[in-house]
Amino acid sequence: MNKTITIDGKIVPFTDGQTIMDAALGAQVYIPHLCHNPEFKPHGSCKLCVVSVNGRNMTSCTMPAAEDMVVANNTPELNDDRKVLVQMLFVEGNHICPACEASGNCQLQAAAYYLNMLSPHFTHFYPPREVDASHPDVFLDLNRCILCELCVRASREVDGKNVFGISGRGIHAHLVVNAASGRLGDTNLVVTDRAAHVCPTGAILIKRQGYRIPIGQRTFDRKKISEVQMESTEEGKPDHE
Ligand code: SF4
Ligand code: FES
């Protein structure tokens, strides 16, 4: 007999070893997420996917599903907490969406829309961070990095390289490029690498592609992030191209 959990009252089947997120995605139930991408092992950093399991909050992308779990997901309380997390990500970096090429294609921005975030609410950190335009085809702007480590995982696990890493602790944690110079142009990254396309924000951009898609026609101009991510899951595609 199939094992099941319930998410917001819906009966959702799972197989042993699947997380709550895996089961939810399989049943076309949207749980907000940024650092999770079904292509890669869970990371557990963004905390957007926190759900209430039998009354206790936990990250659904890392929590294994277990028979008869009762999961609350799409509640006003959890969505308010998620909105605060997104606001914290916005003020921690420099997310100037009106001047970002990823606007309309950005999962952070789309999650903010989904959660009805109207302002960043907190005081901006305005961190002084470098941009790295040293690579011929790929541009890196650390002001927009949310430390999801998808590029780190993609480079290591898919591309068989080790182009990106995370260094530092706490608020000083930051993305690094693994080259003696620290510059992207001195790595073996190529434009076709998965790592160059997996970034959910505008931190890693492909050069000479900017602003080709008119406003109104970008991914999240047309659909909510919940719809887009459920469609990608259904078709077995990665979250973000
Ligand atoms: S550069 Fe993009 S993919 Fe890499 S850690 Fe930052 S936000 Fe994530
Ligand atoms: S999606 Fe689970 S912590 Fe980011």
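- If you look the protein chain up in an unreviewed UniProt entry, it shows as NADP oxidoreductase from Nitrosospira lacus.
- For the protein chain, the Cofactor (unreviewed entry) comment in UniProt is given as "[4Fe-4S] cluster".
- In the Sequence similarities (unreviewed entry) part of its UniProt record, the protein chain is described as follows: "Belongs to the complex I 75 kDa subunit family."

A word on a nonpolar patch on the surface
Next up, step 1: Side chains of V84, M88 and F122 sit close together on the surface and give an oily, nonpolar patch of about 230 Å² of accessible area.
Next up, step 2: Inspection of the secondary structure puts V84 in helix α2 (residues 76-92).

What to know about the site of ligand 1
Next up, step 1: Around ligand 1, the surrounding shell consists of C145, I146, L147, C148, E149, C151, L175, C199, P200, T201, A203 and I204.
Next up, step 2: Taken together, the residues that form the shell around ligand 1 break down as 10 nonpolar, one polar and one charged.

Focus on the packing of helix α3 (residues 107-114) against helix α6 (residues 225-234)
Helix-helix packing is characterised by the crossing angle of the two axes and by the distance between the axes.
Next up, step 1: The geometry of α3 relative to α6 is characterised by a closest axis approach of 9 Å and an angle of 125 degrees between their N-to-C directions. Viewed along their axes, α3 and α6 adopt a mutual orientation that is oblique. For the pair α3 and α6, contact is made by Q107, A110, A111 and Y114 and by I225, S226 and Q229, respectively.
Next up, step 2: Among the residues forming the contact of α3 with α6, the class breakdown is four nonpolar, three polar and no charged.

Structural notes on the UniProt feature "domain: 4Fe-4S His(Cys)3-ligated-type" (unreviewed entry) in the protein chain
Next up, step 1: Following the UniProt record, the feature "domain: 4Fe-4S His(Cys)3-ligated-type" (unreviewed entry) maps to residues 77-116 here.
Next up, step 2: Annotation note: span residues 77-116, helix share 60%, strand share 0%, distance between end C-alpha atoms 13 Å.

Remarks on the side chain of D132
Next up, step 1: Position of D132 relative to the elements: it lies in strand β6 (residues 131-132).
Next up, step 2: Among buried charged residues, D132 stands out as having no salt bridge; its nearest opposite-charge side chain is R183, 4.2 Å away.
Next up, step 3: Within the local environment of D132, its side chain forms a polar contact with the backbone nitrogen of L184, the two atoms lying 2.7 Å apart.
Next up, step 4: Apart from residues lying up to four places away in sequence, D132 is in contact with V138, F139, L140, G182, R183 and L184.

So, the nonpolar core
Next up, step 1: Counting residues in each nonpolar core, the largest one holds 66 residues, and the members touching the most others are I5, I20, V86 and F164.
Next up, step 2: Residue contributions to this core peak at five residues, all from helix α1 (residues 20-26).
Next up, step 3: Formed jointly, this core draws a minimum of three residues from each of two domains, domain 1 (4-74) and domain 2 (81-209 + 217-225).
Next up, step 4: Beyond its immediate sequence surroundings of up to four residues, I5 is in contact with K10, I11, V12, F14, I20, A23, A65, A66, M69 and V71.

Considerations on the sheet that holds strand β5 (residues 70-72)
Next up, step 1: Pairing in this open sheet of five strands is mixed, and the strands run β2-β1-β5-β3-β4 from one edge to the other. Pairing within the sheet leaves two strands with one partner each, and these edge strands are β2 (10-14) and β4 (56-59). Ignoring which end each strand starts from, the neighbouring axes of this sheet average 35 degrees apart.
Next up, step 2: Pairing of strand β1 (residues 3-7) with β5, which is carried by two bridges, proceeds in the parallel orientation. Following the sheet pairing, I7 is matched in β5 by V71.
Next up, step 3: Sheet contacts for α2: β3 (50-53), β4 and β5; angle to β3, the most-contacted strand, approximately 150 degrees.

Notes on the pattern of salt bridges
Next up, step 1: Enumeration over the complete set of coordinates arrives at eight salt bridges.
Next up, step 2: With a shortest N-O distance of 3.0 Å, E231 and K223 are connected by a salt bridge.
Next up, step 3: Residue E231 is classed as partly exposed on the basis of its relative accessible area of 30%.
Next up, step 4: Since its relative accessible area comes to 30%, K223 is described here as partly exposed.

Remarks on the packing of α2 against α3
Next up, step 1: Here α2 crosses α3 at 140 degrees, and the two axes come no closer than 10 Å. Here α3 runs oblique to α2, going by the angle between their axes. Regarding α2 and α3, the two cross each other, and that crossing is left-handed. Residues V86, L89 and F90 of α2 lie in contact with α3, whose contacting residues are L108, Q109, A111 and A112.
Next up, step 2: Residues of the contact of α2 with α3, tallied by class, amount to six nonpolar, one polar and no charged.

Definitions and limits used
- Residues numbered from 1 in each chain as written.
- Chains lettered and ligands numbered in written order.
- Predicted model: local features only at pLDDT ≥ 70, side-chain atom pairs only at ≥ 80, totals over all residues.
- Heavy atoms only, no water.
- UniProt positions renumbered as here; feature names shortened; annotations may be inferred.
- Patch = residues over 30% accessible without salt bridge, like charges linked within 9 Å, V, L, I, M, F, W, Y side chains within 5 Å.
- Areas by Shrake-Rupley, 256 points an atom, 1.4 Å probe, with all protein chains shown as cover.
- Salt bridge = Lys/Arg side-chain N within 4 Å of Asp/Glu carboxyl O.
- Helix = DSSP H or I, 4+ residues; strand = E, 2+ residues; numbered from the N terminus.
- Near = heavy atom within 4 Å.
- Nonpolar A, V, L, I, M, F, W, Y, C, P; charged D, E, K, R; others polar.
- Axes fitted to C-alpha atoms, helices over the stretch in contact; angles between N-to-C directions.
- Parallel < 35°, antiparallel > 145°, perpendicular 65-115°, else oblique.
- Contact = heavy atoms within 4.5 Å.
- Buried < 20%, exposed > 50% of the residue type's maximum accessible area, 1.4 Å probe, protein only.
- Lys, Arg positive; Asp, Glu negative; His and termini not counted.
- Polar contact = N/O pair within 3.5 Å; in protein donor to acceptor, adjacent residues only side chain to side chain.
- Core = buried A, V, L, I, M, F, W, Y, C linked by side-chain atoms within 4.5 Å.
- Domains from an automatic or database assignment.
- Pairing = 2+ DSSP bridges.
- Left-handed = near helix turned anticlockwise from the far one by under 90°.

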